[in-house]
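# Fold and contact review
Read off the chains here:
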Amino acid sequence: MPTEPSRLLEDLIVSAHRLTRVAAQLTGSTTPAAVWRTLSILTTDGSLRVGDLARASRVTQPTMTKLVQHLAEEELVYRIADVDDSRAWLIAITPKGTTALENWRRELAEALSPVFSDLTDDETTILEKAVAILQVHTSTTRKVA
């Protein structure tokens with residue numbers, strides 16, 4: 001009997017959180033997850049106002065303001081004028097930020113590789129299909145406001 005969809009999604013979320021937590025721990029990195037989450041949001045969603053970025057990252061606006069200030073100092077993000085509101089700024093990821101995020105993702109994958117080294121061809125195919133399904137259902141073009 002197939003698993004109920006809501007239960008399957010719950011298990012998937014728990015497993016995905018565990019996977020990213022284990023991967024991050026295996027790298028030994030001390031960079032806060034909020035840094036990578038923020039850069040990832042900017043990569044997938046494009047330039048955002050600080051308030052919108054805070055909502056997407058599920059942190060307060062003051063917390064995001066401090067994080068953006070730190071990321072700007074590290075040249076991982078930059079501020080651009082919002083053409084829709086001259087009083088506001090948009091936050092965008094820099095090429096250096098994109099490279100840092102790509103390197104982090106590669107480091108996570110390399111750290112996890114030994115954990116998954118015993119996957120069978122069938123299991124690899126299943127994971128490839130799962131990734132494709134997740135990409136379709138979580139694309140930013142499908143997101144709800």
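In what follows, the accompanying structure is described.

The rules behind the values
- Residues numbered from 1 in each chain as written.
- Predicted model: local features only at pLDDT ≥ 70, side-chain atom pairs only at ≥ 80, totals over all residues.
- Heavy atoms only, no water.
- Helix = DSSP H or I, 4+ residues; strand = E, 2+ residues; numbered from the N terminus.
- Contact = heavy atoms within 4.5 Å.
- Areas by Shrake-Rupley, 256 points an atom, 1.4 Å probe, with all protein chains shown as cover.
- Lys, Arg positive; Asp, Glu negative; His and termini not counted.
- Charge placed at Lys NZ, Arg CZ, Asp CG, Glu CD.
- Expected span 1.5 Å × (residues − 1).
- Buried < 20%, exposed > 50% of the residue type's maximum accessible area, 1.4 Å probe, protein only.
- Arc of directions from axis to C-beta.
- Pairing = 2+ DSSP bridges.
- Axes fitted to C-alpha atoms, helices over the stretch in contact; angles between N-to-C directions.
- Parallel < 35°, antiparallel > 145°, perpendicular 65-115°, else oblique.
- Salt bridge = Lys/Arg side-chain N within 4 Å of Asp/Glu carboxyl O.
- Patch = residues over 30% accessible without salt bridge, like charges linked within 9 Å, V, L, I, M, F, W, Y side chains within 5 Å.

## What to know about the overall build of the protein
- A tally of regular secondary structure across the protein gives six helices and two strands.
- Going from N to C terminus, the protein has its helices and strands arranged as α-α-α-α-β-β-α-α.
- Once the C-alpha set of the protein is aligned to its principal axes, its extents read approximately 55 × 35 × 25 Å.
- Restricting the contact set of the protein to residue pairs at least 6 apart, pairs at least 24 apart contribute 51%.
- By element, 58% of the accessible surface of the protein is carried by carbon and sulfur atoms, the whole surface being about 10,500 Å².
- Counting 16 positive and 19 negative side-chain charges, the protein places the centres of these two groups 7 Å from one another.

## Looking at helix 5 (residues 95-112)
- Helix length check: helix 5 (18 residues) gives 26 Å between terminal C-alpha atoms against 26 Å at 1.5 Å per residue, within 8%.
- Listing the buried residues of helix 5 in full gives G97, L101, W104, L108, A111 and L112. Down the axis of helix 5, the buried side of the element spans an arc of 95°, and every buried residue falls inside it. Of the residues in helix 5, the exposed ones pointing more than 90 degrees away from the buried face are P95 and E110.
- Lining the buried residues of helix 5 we find helix 1 (5-27), helix 2 (33-45) and strand 2 (85-93).

## Looking at helix 3 (residues 50-57)
- Taken as a whole, helix 3 has its buried residues at V50, G51, L53, A54 and S57. The buried residues of helix 3 all sit within an arc of 160° when viewed along its axis, so they share a single face.
- Against helix 2, helix 4 (61-73) and strand 2 lie the buried residues of helix 3.
- Just downstream of helix 3, R58 is the residue with a positive phi angle, here 65°.

## Some words on the pairing of strand 1 (residues 77-82)
- Alignment of strand 1 against strand 2, held across six bridges, turns out to be antiparallel. Among the inter-strand pairings, D82 is bridged to a residue of strand 2, identified as D85.
- Hairpin connection between strand 1 and strand 2: a loop of two residues separates the two successive antiparallel strands.

## Quick look at the packing of helix 3 against helix 4
- Where helix 3 contacts helix 4, the two axes come as close as 9 Å, and the packing angle between them is 105°. Here helix 4 runs roughly perpendicular to helix 3, going by the angle between their axes. Residues V50, G51, L53, A54 and S57 of helix 3 pack against Q61, M64, T65 and V68 of helix 4.

## Some points on the pattern of salt bridges
- Taken as a whole and assessed by the stated rule, the structure comprises six salt bridges.
- For the salt bridge of R7 with E10, the shortest nitrogen-to-oxygen distance reads 3.6 Å. Taken together, the positions of R7 and E10, both in helix 1 and three residues apart, correspond to about one turn of that helix.
- Accessibility expressed as a relative area gives 43% for R7, which makes it partly exposed.
- With a relative accessible area of 43%, E10 lands in the partly exposed category.

## Notes on a nonpolar patch on the surface
- A cluster of nonpolar residues, L19, V22, L26, V115, F116, L119 and L127, forms a patch on the protein surface that exposes about 530 Å² of accessible area.
- The biggest single contributor to the nonpolar patch is helix 1, with three residues.
- Inspection of the secondary structure assignment puts L127 in helix 6 (residues 121-137).
- A residue is classified by how much of its surface remains accessible, and L127, at 41% relative accessible area, is partly exposed.

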